[in-house]
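# Observations on the model geometry
Single-letter residue listing:
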Amino acid sequence: MASLLDRLFGRARPSAEPARTAAAPKRIRTGRGARAEYDGATLGRRAAGWRRTRLDANGELSPAVAAALRGIARDLVRNNPFAARGAATIAHNMVGTGITFQVYRNGTIDDRLNKLARRHLDTTACDASGRHDLYGLQLQAARTIVESGAVVMRRRWRRASDRLPLPFQLQVIEPDYIDPSKHGPLSSAPGVQGGFLINGVQFSPLGAREGYWLFNGHPGGGRADALGSTFVNAADVAHVFRADRPEMEHGATWFAPVILRMKDFGDYEDAQLTRQKLASAFVGVVTGEDPGGVIPGIQSEDGDAGEPVTLGEDREPLDYIEPGTFQYARPGEEVTFSDPPTVEGYADYTKVSLRAVSSGLGVPYEALTGDLSNVNFSSGRMGWLEYQRSLAAWQWTMFIPQFCGAVATWLIDAFAMVGEDVEGVTVRWTPPGREMINPAEEVKANRDAIRSGQKTISQCARERGEDPDTFLAEWKTDAEKIDKLGLIFDCDPRRVTAVGNPAEQEPSAQPVQPQGA
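Let me sum up the structure you'll find in this document. (Residues numbered from 1 in each chain as written. Predicted model: local features only at pLDDT ≥ 70, side-chain atom pairs only at ≥ 80, totals over all residues. Heavy atoms only, no water.)

Across its full length, the protein holds 13 helices and 15 strands. Of all 517 residues assigned to the protein, the portion counted as buried reaches 33%. Put simply, of all contacts in the protein between residues at least 6 apart along the chain, 60% involve residues at least 24 apart. By element, 53% of the accessible surface of the protein is carried by carbon and sulfur atoms, the whole surface being about 32700 Å². (Helix = DSSP H or I, 4+ residues; strand = E, 2+ residues; numbered from the N terminus. Buried < 20%, exposed > 50% of the residue type's maximum accessible area, 1.4 Å probe, protein only. Contact = heavy atoms within 4.5 Å. Areas by Shrake-Rupley, 256 points an atom, 1.4 Å probe, with all protein chains shown as cover.)

The next thing to look at is the environment of phenylalanine 265. Examined against the element boundaries, phenylalanine 265 turns out to sit in helix α7 (residues 259–281). On the accessibility criterion, phenylalanine 265 (4% relative accessible area) is buried. The contact partners of phenylalanine 265, leaving out residues within four places of it in the chain, are Phe82, Tyr349, Thr350, Ser353 and Leu354.

All right, on to the environment of leucine 411 then. Within the element layout of this structure, leucine 411 appears in helix α10 (residues 377–417). With a relative accessible area of 1%, leucine 411 lands in the buried category. In sequence terms leucine 411 and proline 167 are 244 residues apart; their C-alpha atoms lie 9.5 Å from each other. Contact partners of leucine 411, with chain neighbours within four places excluded, come to Val103, Ala117, Leu121, Leu166, Phe168 and Val427.

Relative orientation and spacing of two packed helices are given, respectively, by the angle between their axes and the distance between those axes. Two elements in contact, helix α4 (residues 81–94) and helix α6 (residues 134–148), have axes whose closest approach is 9 Å; the angle formed by their N-to-C orientations is 135°. Put simply, α4 runs oblique to α6. As for the relative orientation of α4 and α6, their crossing is right-handed in sense. Facing Ala84, Ala87, Ala88, Ile90, Ala91, His92 and Met94 of α4, the residues of α6 in contact are Leu139, Ala142, Arg143 and Val146. In terms of residue class, the contact of α4 with α6 is made up of nine nonpolar, one polar and one charged. (Axes fitted to C-alpha atoms, helices over the stretch in contact; angles between N-to-C directions. Parallel < 35°, antiparallel > 145°, perpendicular 65-115°, else oblique. Left-handed = near helix turned anticlockwise from the far one by under 90°. Nonpolar A, V, L, I, M, F, W, Y, C, P; charged D, E, K, R; others polar.)

Moving on, we get to the sheet that holds strand β9 (residues 229–233). An order of β5-β6-β7-β8-β9 is seen for the five strands of this open sheet, with the pairing classed as antiparallel. Of all strands in the sheet, those bounded by a partner on one side alone are β5 (184–185) and β9. Direction of pairing for strand β7 (residues 201–203) relative to strand β8 (residues 209–215): antiparallel, over a ladder of three bridges. Bridge assignment links valine 201 to a residue of β8, and that residue is tyrosine 212. (Pairing = 2+ DSSP bridges.)

This next bit is on the pattern of salt bridges. For the coordinates displayed, the defined rule picks out 19 salt bridges. Residue glutamate 420 pairs with arginine 112 through a salt bridge whose shortest N-O separation is 2.8 Å. Note that glutamate 420 is positioned in the loop between α10 and β15 (425–430) and arginine 112 in helix α5 (residues 111–121), a separation of 308 residues in sequence. According to the relative accessible area criterion, arginine 112 is exposed, its value standing at 53%. Ionic pairing is found between arginine 389 and glutamate 386, a salt bridge with its closest N-O pair at 3.1 Å. Taken as a pair, arginine 389 and glutamate 386 lie in helix α10 at a separation of three residues, close to a single helical turn. Relative accessible area serves as the criterion here: at 54%, arginine 389 is assigned to the exposed category. (Salt bridge = Lys/Arg side-chain N within 4 Å of Asp/Glu carboxyl O.)

Within the structure shown, the criterion is met by ten aromatic pairs. Members of the aromatic cluster, connected to one another through ring pairs, are Phe82, Phe265, Tyr268, Tyr346 and Tyr349. We note lysine 182 situated over the ring of tryptophan 213; from NZ or CZ to the ring centre the distance is 4.7 Å. It is arginine 355 that lies over the ring of tyrosine 365; its NZ or CZ is 4.9 Å from the centre. (Phe/Tyr/Trp six-rings, centres within 6.5 Å; stacked < 30°, edge-to-face > 60°. Lys NZ or Arg CZ within 6 Å of the ring centre and 35° of its normal.)

Turning to unusual backbone geometry, a few remarks are in order. Peptide bonds are mostly trans, and most non-glycine residues show a negative phi. Phi is positive for arginine 163, close to 55°, though the residue is something other than glycine. Tracing the chain through its elements places arginine 163 in the loop between β3 (150–157) and β4 (168–173). On the basis of relative accessibility, which here comes to 76%, the residue arginine 163 falls in the exposed class. With a phi close to 65°, glutamate 247 is a non-glycine residue in the positive phi region. Examined against the element boundaries, glutamate 247 turns out to sit in the loop between β10 (237–241) and α7.

All right, on to α6 then. In this model α6 runs 20 Å from its N-terminal to its C-terminal C-alpha over 15 residues, within 8% of the 21 Å that 1.5 Å per residue would give. If you check which residues of α6 are buried, you get Leu134, Tyr135, Gly136, Leu137, Gln138, Ala141, Ala142, Thr144, Ile145, Val146, Glu147 and Ser148. Just downstream of α6, glycine 149 is the residue with a positive phi angle, here 95°. (Expected span 1.5 Å × (residues − 1).)

Below, the discussion takes up helix α8 (residues 346–361). Taking 1.5 Å of rise per residue, the 16 residues of α8 would be expected to cover 22 Å, and the 23 Å separating its terminal C-alpha atoms lies within 8% of that figure. Listed as buried for α8 are Thr350, Ser353, Leu354, Val357, Ser358 and Leu361. Buried residues of α8 fall within an arc of 135° about the axis and therefore sit on the same side. Turned more than 90 degrees away from the buried face of α8, the exposed residues are Asp348, Val352 and Ser359. Directly beyond the C-terminal end of α8, a positive phi value near 80° is found at glycine 362. (Arc of directions from axis to C-beta.)

Treat this as a map of the structure, not an account of what it does.
Written as structure tokens, this is what we have:
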């Protein structure tokens with residue numbers, strides 16, 4: 001009571017405890033909910049469901065978690081049409097018909113090495129299984145990255161007796177081949193700092209990748225020789241995945257953010273379908289006044305085939321229904337039909353769910369579903385441009401450096417193996433071009449951008465998925481052939497202006513009469 005009166009009248013309560021200074025830190029009681037400077041760090045009922053972890057990327061993505069996510073994602077891709085479409089659209093747009101290459105020496109295309117590389121990589125000779133060329137392997141790898149979170153590619157050296165254009169082949173395998181049991185510090189001599197292993201990946205003491213422990217066969221294949229793992233040098237392996245966090249050494253399936261949402265949506269669709277089936281299948285119940293009547297179409301164990309049986313205790317129960325079902329009942333029996341509640345807004349819920357799935361995968365809603373009902377030119381263009389930025393990021397920050405870069409290194413090693421001079425040799429990659437949304441306007445925009453100096457011819461060629469040097473070399477060859485034949489076309493900017501008038505020529509140039517448009 002005294003304490004209450006003290007508080008009411010503002011009187012200080014005597015205490016043996018020394019008064020705290022203004023600069024003394026305040027103690028936050030976390031038991032009943034803390035109030036932090038950031039609302040997201042507050043502890044309380046509203047934040048009780050958050051999973052706060054201090055684990056690094058490899059601790060969060062443990063081998064068990066990665067295997068579970070991969071298994072669920074593969075099941076979704078096998079059985080869920082939207083998951084299958086999502087994986088396909090990312091792979092098709094990221095790789096398409098292939099990320100092409102050109103072999104250069106000191107900044108100029110080396111025709112001889114380029115032809116040698118194409119004889120190997122543009123045919124099935126480069127595939128260890130003999131089924132795909134380089135671009136087919138790229139598409140398979142891109143799809144595996146989306147579905148399984150990563151892909152592993154091995155370099156397989158071959159003998160001269162194999163009669164290949166170059167003495168190596170590519171083997172694309174799933175990330176399941178990496179042995180996760182190889183984990184922890186490596187043994188070393190006393191006083192010597194040793195390396196370490198992270199779920200099958202071996203590192204030097206400085207953190208550089210030394211190699212991978214790979215199973216001899218797929219661990220899910222059931223082969224006896226697949227139980228053991230072998231160390232493979234990092235120079236012969238390309239481990240391709242999207243690293244979302246620093247020091248992340250394994251990739252997670254891209255379906256991880258949407259797995260539960262896709263499952264809930266699938267269950268919702270199944271429930272709606274079952275409800276509609278039940279509503280349309282059951283027709284009615286037939287009752288009669290004669291206890292000794294017969295049940296048409298039902299045969300008991302002691303009855304003959306095709307003969308009706310009497311309405312007795314051994315009649316068959318109605319344990320399933322199919323369209324057009326009539327059930328017969330005894331006189332006086334009542335049937336109560338279930339009346340499940342109706343669910344409104346099926347179409348709206350479907351769109352909201354699929355929009356969330358498309359956002360989680362990073363693809364446009366229209367590309368995931370094929371629904372173009374509410375798309376106009378402006379909205380379609382904006383969505384496509386945003387998707388192009390994501391594709392360019394996946395290509396240039398993940399796939400080209402990790403997958404194509406490994407192929408380029410192995411290609412140059414193979415050149416040296418067969419005795420070629422590799423001084424100054426490099427490989428350039430060109431992603432597939434995109435289709436124009438409005439060619440009539442975009443071609444004019446590119447032309448104006450080139451004329452005003454905002455773009456170069458090489459830049460526009462790369463945007464179309466062409467190599468600039470190859471494109472200009474073809475242009476030169478065609479121009480020389482046209483001049484030799486004495487032809488002038490209105491599409492030739494050297495002779496005709498944009499409005500169709502003859503262009504001013506040098507005094508030494510001989511005028512040639514136009515031959516056609």
